[in-house]
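Overview (structure and organization)
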Amino acid sequence: MTPMQDNDSLGMWIDRTSRMVGYREEALDFLERAGSQLPVFESDLGIVCRLWAVADEYDEIICRALTEFDSAVFDTAGELDITRGAETRPTSENEPQVVFLCTWSVIRPEGQSVSCILCGEQLTGALSMEIRDHHDFSRPVPFPIESPTVLYRTLSDSFFGLAGEP
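In what follows, the accompanying structure is described. (Residues numbered from 1 in each chain as written. Predicted model: local features only at pLDDT ≥ 70, side-chain atom pairs only at ≥ 80, totals over all residues. Heavy atoms only, no water.)

Turning next to the packing of aromatic side chains. For the structure on display, the rule yields 5 aromatic pairs. With centroids separated by 5.4 Å and ring planes inclined at 10 degrees, the aromatic side chains of phenylalanine 69 and phenylalanine 159 adopt a geometry described as stacked. Residue phenylalanine 69 is located in helix 2 (residues 45–73), and its partner phenylalanine 159 is located in helix 3 (residues 148–163); the two are separated by 90 residues in the primary sequence. Judged by its relative accessible area of 1%, phenylalanine 159 is buried. Among the aromatic residues, those joined into a cluster by ring pairs are Tyr23, Phe30, Trp52 and Phe100. Sitting over the face of the ring of tryptophan 13, arginine 16 holds its NZ or CZ atom 4.8 Å from the ring centroid. The positively charged end of arginine 84 is found above the aromatic ring belonging to tryptophan 52, 3.8 Å away from the centroid. (Phe/Tyr/Trp six-rings, centres within 6.5 Å; stacked < 30°, edge-to-face > 60°. Helix = DSSP H or I, 4+ residues; strand = E, 2+ residues; numbered from the N terminus. Buried < 20%, exposed > 50% of the residue type's maximum accessible area, 1.4 Å probe, protein only. Lys NZ or Arg CZ within 6 Å of the ring centre and 35° of its normal.)

Pasting the structure below:
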């Protein structure tokens, strides 16, 4: 089931919760490693597991879109890279906030890239999505994605910009 099919079905929520439980140990290890550099806590376990479970639901559509845009726009294929991580971003009060990330990127041979990033905010637990190019220009994608057209339109803008660079 894709995330755009039926977000209100009991089965989708049970499946997501089951995957979250399956990620528990891996997420605890991740938080321990991240804690050496960022202010993360064991209480972040829920948001990390939920982020990873939701990322599973979007993996196929994002990977397919990135690779197909890349092959349609460029003669030489880029490399698909999928990572999990965390970074700090300033809040509206200019205080640092930890944001957990699932990132899908196409990295071009010239070092250019387009990335689709699913973010989970430590403070609120809110999930969001953005498309980021190698200049760190960010384009928000309304989330949850109700139609793949929203994702495709934003990726189109990023790949168009990338194709126009020397």
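Still more to cover.
Ranked by internal contacts, the top residues of the largest apolar core, which has 39 residues, are Ile62, Phe100, Trp104 and Leu151. Looking at this core, the elements with two or more residues in it are helix 1 (10–34), helix 2, strand 2 (96–107), strand 3 (113–121), strand 4 (127–133) and helix 3. Among the elements that make up this core, the one with the highest residue count is helix 2 (14 residues). Sequence-distant contacts of leucine 151, defined by excluding residues within four places in its chain, comprise Ile61, Ile62, Cys116, Met129, Ile131 and Ile145. (Core = buried A, V, L, I, M, F, W, Y, C linked by side-chain atoms within 4.5 Å. Contact = heavy atoms within 4.5 Å.)

Next up on the list: helix 2. Here helix 2 is 29 residues long and its end C-alpha atoms lie 39 Å apart, about the 42 Å a rise of 1.5 Å per residue gives. Where helix 2 bends most, the angle comes to about 50 degrees, and this point is tyrosine 58. (Expected span 1.5 Å × (residues − 1). Bend = angle between axes of the 7 residues up to and from the residue.)

It is worth spelling out the pairing of strand 3 at this point. Of all 9 residues in strand 3, 8 are buried; the element is thus mostly enclosed. Of the pairings in the sheet, the one linking strand 2 to strand 3 comprises 9 bridges and is antiparallel in character. Within the sheet, the bridge partner assigned to valine 99 lies in strand 3 and is glutamate 121. Taking the residues that link successive antiparallel strands as the turn, the strand 2-strand 3 hairpin has 5 residues, and the phi of glycine 111 there is positive, at about 95 degrees. The antiparallel pairing of strand 3 with strand 4 creates a hairpin that spans 5 residues between the two strands, and glycine 125 there sits at a positive phi of about 80 degrees. (Pairing = 2+ DSSP bridges.)

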